[in-house]
Amino acid sequence: MSAIKHDPQTAERTTLSGEPIKAVYGPEDVREHEANIGAPGAYPFTRGVYPTMYRGRLWTMRQFAGFGTAEETNERFRYLLDHGQTGLSTAFDMPSLMGHDSDSPRSLGEVGREGVAIDTVDDMSTLFDGIDLGDVTVSMTINAPAAMMMAFYVVAAEESGVPADKLGGTVQADILKEYIAQKEWCFPVDPAMRLLGDMMEWCTRNMPRWHPVSISGYHIREAGATAAQELAFTLKDGLTYVEQQIERGIAVDDFAPRLSFFFNAQIDFFEEIAKYRAARRIWARELRDTYGAKNPRSWLMRFHTQTAGVSLTAQQPLNNIIRTAIEAMAGVLGGTQSLHTNSYDEALALPTEDAVRIALRTQQVIAHETGVTNTVDPLGGSYFVEALTDKLEEQAYAYFRKIDELGGMVEAVKRNYPQREIADAAFELQEKIDAGDRVVVGVNRYTEGDDGETPILRIDPALERKQIGRVQAVRARRDGAAVERTLAELRAAAATQANLMPLLVECARVHATEGEMVDALQHVWGAYTESPVF
Ligand SMILES: C[C@H](C(=O)O)C(=O)SCCNC(=O)CCNC(=O)[C@H](O)C(C)(C)COP(=O)(O)OP(=O)(O)OC[C@H]1O[C@@H](n2cnc3c(N)ncnc32)[C@H](O)[C@@H]1OP(=O)(O)O
C-alpha cells in the first residue's frame, strides 16, 4: 500500500517521538547557553567526555556477534578482528540469557540460534581461544544470569593467564530494563537487584578496569519508547544502581567511574544527537550535586551505541544500509565511545559474514572518509540541537519527578509504570505508520520493486546436538561431589546477606553449569511471573 497521506507541504512537523518542530531556531530558543554547554571534556560534558574526543582516539568498533557453539562464534570474533574491529561483543543464545542449560527441555530448538550457547566455563574458554583477554576489551550482553557468566569469564581468563584485575570490558547486567522492556528474567525483582548489587560490589573491589553494568536504554527504545522515555528511564535506572551501591557502604567515587551506558540510535538524526548530549549533562549534574561525587571521572557518562534494530525493514532490505549509516553518524556526532552498526539483513535473520562486513565498513567510512572526526562536537552551538537538548532534559526531569512520586524506580517498575508509558508510545507511533502519516520507505511509501533474494544465515540444527553433547561431556568428567557441595553452599548463602560472587566463581571453577547455579538460587528466591499490562 502506497498511502500518500503525507504531504511535505502541510504535514505536521514532529520528531520521531512526536515533538513539534519549528521552521527555524535562533538564539531565543536556547536558554543559559554558555553554562549548559561548556567545553568538551569539561563539566557538564554536554559536548563530550574527552577534550580531544576522536582526535585523541576513535570510538571502539564493537560488533555484537554470536551464534551456534563457542567454536563458531570464536571464528566470527576472529573474522571481525581481522577486518579491523577494535573490541569484542558477545551475543548469547536465548537459553543462556534465561539461565537454562542447553540440554534442558526448555531450550529445545533455541540452542545457538540467536547467539552463542554457553553452559560452562569450558565453553567460555573455547569462545575466547587464541584471543588475548588482557589486550582486547570484551562486552557480554547478559542480564538475569550476568553474575554466573561473569564467574565463567573470570575463571576462563585466569586459566588463560590473565588475572581479573587486568580484564577490561563490560557486562550488561542491567536488570531493571529487563522488567521494563526486554523481559528476560530469572528471579523476582528484589533478589535480582541484590544479585546485581553483589556483582557490582565485587567487580569494584576486584576488577578496576571492568564496567560491571551497562545501563541500557537500547531495549527500552526498541520496545517503542520515545527518546525522552529512553533517556529518563535509563538514567533513573542508573541512579537507582548508584543509590544501591551507596547504601551498601561503597563510596560513590569508588564505583561511579566504571558505570557505563548503552543507547539506541534511531533514525531521527537530530533528536538522537540531542538525547546523548542531554544524557551527559543530566548524569554529570546528578552525580556531582545529588550524590556528592568529587572525582570528575564519576561525572562522565560514557556510552555504547547501537543503531536501531526496530528501524530495519524486511522489505527492500538494502535500504537498511542507508538507515544504519545515518543512525551511526548520529551516534558519532553525539559523542559515543563504542558503536555497533546493524547489518542490513537483520530483519530477516542473524547476519551473514558479508552483511556484517558492510556494517563494519560503514563505521570505517564514517571514521576515515567523512571528516566528522576532525573537530570535536561539530554540532555544538547549533540553535536547533541545543534547543532539542534542553527540551529532552526537561522531559527527563518531568519523568524523574513522576517516578519519585511513585516511590522510586523499583517501585515504579513493580507497578508497571514505565511499561505502560512505553506501550502507549509504541501504539501511537504504529498508528501513524499504519495511517501513512510517518513514512517508512519501502513499507508504506515507494513500495515498487524489490531487492531480489537476500542471502541469509541459517543455523545448522546439528549445532544444538553438538552443544548438548558438550555440556553432557563436562557433566560426565567433572568432580560431581565438588559440584554438589559448592551448589549447596550457594543455596545456603542465598538465604543470607553474604556477597554471592565468590561462591559463583567457585561454582564456575568446579564446572557447575549456568542452569545449575540459576536453579540453586531459584530454589531459595523463586522465579518471576509478570503481570502483563495493556
Ligand atoms: C541489542 C543487543 C541485545 O540485547 O540483543 C545488545 O544489548 S548489544 C549490547 C552490546 N554492548 C556493548 O557492546 C557495550 C560496550 N560498552 C563499552 O565498550 C564500554 O562500557 C564503554 C561504553 C565505556 C566504552 O568503553 P571502551 O573501552 O570501548 O572505550 P573508552 O572510551 O572507555 O576508551 C578506552 C580508553 O581510552 C581512553 N580514551 C578514549 N578516548 C580518549 C580521548 N580522546 N582522550 C583520552 N583518553 C581517551 C578512555 O579513557 C579509556 O581509558 P580507561 O580504560 O583507562 O578508562
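Coordinates for the structure precede this section.
Presented here is an overview of the structure given in this document. The shown structure was predicted, so the numbers you read here are calculated from the model rather than taken from an experiment.

**Structural notes on helix 15 (residues 383–405)**
And then number 1: Taking 1.5 Å per residue as the helical rise, helix 15 with its 23 residues ought to reach 33 Å, and the 33 Å between its terminal C-alpha atoms agrees with that figure.
And then number 2: Glycine 407 sits one or two residues past helix 15 and shows a positive phi near 100°.

**A word on the pairing of strand 3 (residues 88–91)**
And then number 1: Burial along strand 3 is two-sided: Leu88 and Thr90 facing one way and Ser89 and Ala91 facing the other are all buried.
And then number 2: Following the chain from strand 2 (residues 64–65) across helix 2 (residues 70–82) to the adjacent parallel strand 3, one finds a crossover that is right-handed.

**As for the site of the ligand**
And then number 1: In the vicinity of the ligand lie 27 residues, with Thr60, Thr170, His219, Ser260 and Arg302 positioned nearest.
And then number 2: In this structure, an oxygen atom belonging to the ligand sits 2.8 Å away from a side-chain N or O atom of histidine 219.
And then number 3: Here an oxygen atom of the ligand and a side-chain polar atom of serine 260 are 2.6 Å apart.
And then number 4: Alone, the ligand offers 1100 Å² of accessible surface; in the complex the protein occludes 80% of this.
And then number 5: Secondary structure elements with two or more residues in the shell around the ligand: strand 4 (138–141), helix 8 (218–222), strand 8 (260–265) and strand 9 (303–307).
And then number 6: Looking at which element gives the most residues to the shell around the ligand, the answer is strand 9, with three residues.

**Concerning the state of the cysteines**
And then number 1: What the rule picks out here adds up to zero disulfides.
And then number 2: Cysteine 186 takes part in no disulfide bond, and the closest cysteine sulfur to it belongs to cysteine 507, at a distance of 15 Å.
And then number 3: What makes cysteine 186 buried here is its relative accessible area of 2%.

**Points about a negative patch on the surface**
And then number 1: On the surface, a cluster of negative charge is contributed by Asp424, Glu428, Glu431 and Asp434.
And then number 2: Within the secondary structure, glutamate 428 is located in helix 17 (residues 417–434).

**Re the packing of helix 5 (residues 146–159) against helix 21 (residues 514–525)**
And then number 1: At their nearest, the axes of helix 5 and helix 21 sit 10 Å apart, and the two run at 140° to each other. For the element pair helix 5 / helix 21, the angle class is oblique. Seen from above, helix 5 lies across helix 21 with right-handed handedness. On helix 21, the residues that touch Met148, Met149 and Phe152 of helix 5 are Glu514, Met517, Val518 and Leu521.
And then number 2: Residue composition of the contact of helix 5 with helix 21, by class: six nonpolar, no polar and one charged.

**Brief notes about the sheet that holds strand 6 (residues 210–211)**
And then number 1: Pairing in this open sheet of five strands is parallel, and the strands run 2-3-4-5-6 from one edge to the other. Either end of the sheet is taken by a strand with one partner, and the two such strands are strand 2 and strand 6.
And then number 2: As paired strands, strand 2 and strand 3 are joined by two bridges and run parallel to one another. The residue of strand 3 that forms the bridge with alanine 65 is threonine 90.
And then number 3: Those strands touched by helix 5 are strand 4, strand 5 (169–171) and strand 6, and its axis lies near 150° from that of strand 4.

**Focus on unusual backbone geometry**
Both trends apply: most residues other than glycine have a negative phi, and most peptide bonds are in trans.
And then number 1: Of the consecutive residues tyrosine 43 and proline 44, the connecting peptide bond is found in the cis state with omega at 5°.
And then number 2: Despite not being glycine, asparagine 416 shows a phi value in the positive range, around 65°.
And then number 3: Position of asparagine 416 relative to the elements: it lies in the loop between helix 16 (409–414) and helix 17.
And then number 4: Using a relative accessible area of 8% as the deciding quantity, one classes asparagine 416 as buried.

**Thoughts on helix 2**
And then number 1: Spanning 13 residues, helix 2 covers 18 Å between terminal C-alpha atoms, matching the ideal 18 Å at 1.5 Å per step.
And then number 2: Along helix 2, the residues classified as buried are Ala70, Glu72, Thr73, Asn74, Arg76, Phe77, Tyr79 and Leu80.
And then number 3: Of the surrounding secondary structure, the elements contacted by the buried residues of helix 2 are strand 2, strand 3, helix 4 (121–127), helix 14 (353–368) and helix 18 (462–477).
And then number 4: Where helix 2 ends, the next residue or the one after it, glycine 84, has phi of about 100°, a positive value.

**With respect to the environment of arginine 221**
And then number 1: Note on placement: arginine 221 falls in helix 8.
And then number 2: Distance in space between the C-alpha atoms of arginine 221 and valine 242 is 22 Å, their sequence separation being 21 residues.
And then number 3: Arginine 221 has contacts with Leu16, Ser17, Thr226, Ala227, Glu230, Asn264, Gln266, Glu271, Glu272 and Lys275, leaving out every residue within four places of it along the chain.
And then number 4: Within the local environment of arginine 221, its side chain forms a polar contact with the side chain of glutamate 272, the two groups lying 3.0 Å apart.

The rules behind these values
- Residues numbered from 1 in each chain as written.
- Predicted model: local features only at pLDDT ≥ 70, side-chain atom pairs only at ≥ 80, totals over all residues.
- Heavy atoms only, no water.
- Helix = DSSP H or I, 4+ residues; strand = E, 2+ residues; numbered from the N terminus.
- Expected span 1.5 Å × (residues − 1).
- Buried < 20%, exposed > 50% of the residue type's maximum accessible area, 1.4 Å probe, protein only.
- Right-handed = clockwise from strand over helix to strand, strands pointing away.
- Near = heavy atom within 4 Å.
- Polar contact = N/O pair within 3.5 Å; in protein donor to acceptor, adjacent residues only side chain to side chain.
- Areas by Shrake-Rupley, 256 points an atom, 1.4 Å probe, with all protein chains shown as cover.
- Disulfide = S-S within 2.5 Å.
- Patch = residues over 30% accessible without salt bridge, like charges linked within 9 Å, V, L, I, M, F, W, Y side chains within 5 Å.
- Salt bridge = Lys/Arg side-chain N within 4 Å of Asp/Glu carboxyl O.
- Lys, Arg positive; Asp, Glu negative; His and termini not counted.
- Charge placed at Lys NZ, Arg CZ, Asp CG, Glu CD.
- Axes fitted to C-alpha atoms, helices over the stretch in contact; angles between N-to-C directions.
- Parallel < 35°, antiparallel > 145°, perpendicular 65-115°, else oblique.
- Left-handed = near helix turned anticlockwise from the far one by under 90°.
- Contact = heavy atoms within 4.5 Å.
- Nonpolar A, V, L, I, M, F, W, Y, C, P; charged D, E, K, R; others polar.
- Pairing = 2+ DSSP bridges.

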